[in-house]
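Remarks on the overall topology
Chain by chain, the residues run as shown.
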Amino acid sequence: MTDGTDSLDGIARAVALHLRRQRLAYDTRYLRVRSAPTPATPPQVRPAPTTAQSRSARPKPAPSKSVDAKAALRSQAESWSAATKLEYLRKKNVGDCRRCGLCQTRQNIVFGVGNPEARIMFVGEAPGADEDRKGEPFVGKAGQLLDRWLVELGMSRADVYIANVLKCRPPGNRDPRPDEVERCSPFLRAQIRAIRPAAVVALGRHAGMLLSRRDDMSLRAMRGARLDYDASSPKEAPRSLLIPLVVTYHPAYVLRQSGEAEVGATQMVMADLRRALDLAAEA
Ligand code: URA
């Protein structure tokens, strides 16, 4: 028989052993922490929010480095020349663009050409076969006619800037698709914002509708209307940067006319281009 003292002794020994082990574990952890080298930069400790602080009033996480770098680049870019802005846009933003399916069929990206300080900027719809081959806008027959119009006005390509809504050729010269326009038109807006021309001339109905954001307007109606291109960035209030827009016939359309129709179309184009020069002179 036992009075239970043996088992009480056993329990007491087990408890003492357990406490010693716990103490040892604590000491080991404590000593390891104490002996660790002090970090060069102390970790940032955020103050604990008081109970009065709501979730929304808590300090926001610090912006990531890439957000800071982008903001720094944006403010730096404000002082760049138009030529530098265009070159940065061409190399870094457009690059080897793969934002839509046209990248699979194009030969070259047709960025734009001309004077980065131009007062007048011409905008066509999209590159054709010649432009796709050379990587330059309006270099085919339509482009040669545009050159003649410029000469008639006492100017040359070196005085203006020429670009398209789309930077890549749609296969078979089909009309641009809405998703292609949506993905590509920010580049045109960035070009226009870099150049800040005093007037933009849209060549043809499609470019006119895309730039004036009018759906289904005839070229005749656009020619007679006072239009603007809204060059404001998505971060700005809409219509905070408006540039006078003149819409005229596409040179390819004029080339398709003959006889009196051709003469009439050319006269209308010249009148439109002179109006664009007048608007630029007023600006
Ligand atoms: N037509 C356009 O709209 N753009 C060009 O670059 C060439 C032909």
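Below you will find a few notes about this structure. (Residues numbered from 1 in each chain as written. Predicted model: local features only at pLDDT ≥ 70, side-chain atom pairs only at ≥ 80, totals over all residues. Heavy atoms only, no water.)

Scanning the entire structure with this criterion turns up one cavity of 30 Å³ or more. Put simply, the largest cavity is a space of about 120 Å³. What lines the largest cavity is a set of 15 residues, and nearest its centre among them are Cys97, Arg99, Cys100, Cys168 and Cys184. For the lining of the largest cavity, the element with the highest residue contribution is helix H6 (residues 178-195), accounting for four residues. A class-by-class count of the residues in the lining of the largest cavity yields ten nonpolar, no polar and five charged. (1 Å grid on protein atoms, 1.4 Å probe; cavity = no way out; pocket = protein on both sides within 12 Å on 5 of 7 lines; lining within 4 Å. Points joined across faces, edges and corners; volume = space filled by probe spheres on them. Helix = DSSP H or I, 4+ residues; strand = E, 2+ residues; numbered from the N terminus. Nonpolar A, V, L, I, M, F, W, Y, C, P; charged D, E, K, R; others polar.)

Turning our attention to the pattern of salt bridges. Side chains bearing opposite charge may pair, as long as their charged atoms lie close to each other. Following the criterion strictly, the structure yields twelve salt bridges and no others. Two residues, aspartate 130 and arginine 133, come together in a salt bridge whose shortest N-O distance is 2.6 Å. Of this pair, aspartate 130 and arginine 133 both sit in helix H4 (residues 129-134), separated by three residues, roughly a single helical turn. For arginine 174, the salt bridge identified is with glutamate 180, shortest N-O distance 2.7 Å. With relative accessibility at 23%, the residue arginine 174 sits in the partly exposed group. Exposure remark for glutamate 180: the relative accessible area of 4% places this residue in the buried category. (Salt bridge = Lys/Arg side-chain N within 4 Å of Asp/Glu carboxyl O. Buried < 20%, exposed > 50% of the residue type's maximum accessible area, 1.4 Å probe, protein only.)

So, about the nonpolar core. Judged by nonpolar contacts, the single largest core of 64 residues is most densely connected at Phe122 and Trp149. Other than its neighbours up to four places away in sequence, tryptophan 149 contacts Leu203, Tyr249, His250, Pro251, Val254, Thr266, Val269, Met270 and Leu273. (Core = buried A, V, L, I, M, F, W, Y, C linked by side-chain atoms within 4.5 Å. Contact = heavy atoms within 4.5 Å.)

For the coordinates displayed, the defined rule picks out two aromatic pairs. Between tryptophan 80 and tyrosine 88, the ring centres sit 5.2 Å apart and the planes meet at 55°, which makes this aromatic pair tilted. According to the relative accessible area criterion, tryptophan 80 is partly exposed, its value standing at 21%. Looking at tyrosine 88, the relative accessible area reads 26%, which means it is partly exposed. Seen in terms of ring centroids, tyrosine 249 and tyrosine 253 are 4.9 Å apart; in terms of plane orientation they differ by 15°. Their pairing is stacked. (Phe/Tyr/Trp six-rings, centres within 6.5 Å; stacked < 30°, edge-to-face > 60°.)

With that settled, the discussion passes to the layout of surface pockets. Considering only enclosed or pocket space, the largest pocket measures out at about 1100 Å³ in volume. Lining of the largest pocket is provided by 22 residues; of these, Arg74, Asn93, Ala190, Arg193 and Ser233 occupy positions nearest its centre. Among the secondary structure elements, those contributing two or more residues to the lining of the largest pocket are helix H2 (65-77), helix H3 (82-94) and H6. Top element by residues in the lining of the largest pocket is H6. It accounts for six residues. A breakdown of the residues in the lining of the largest pocket according to their chemical character gives ten nonpolar, two polar and ten charged. What the second largest pocket holds in volume is close to 480 Å³. Lining the second largest pocket are 25 residues, and of these Ala126, Gly128, Asn173, His250 and Ala252 lie nearest its centre.

Function cannot be read off these values alone, since they describe shape.
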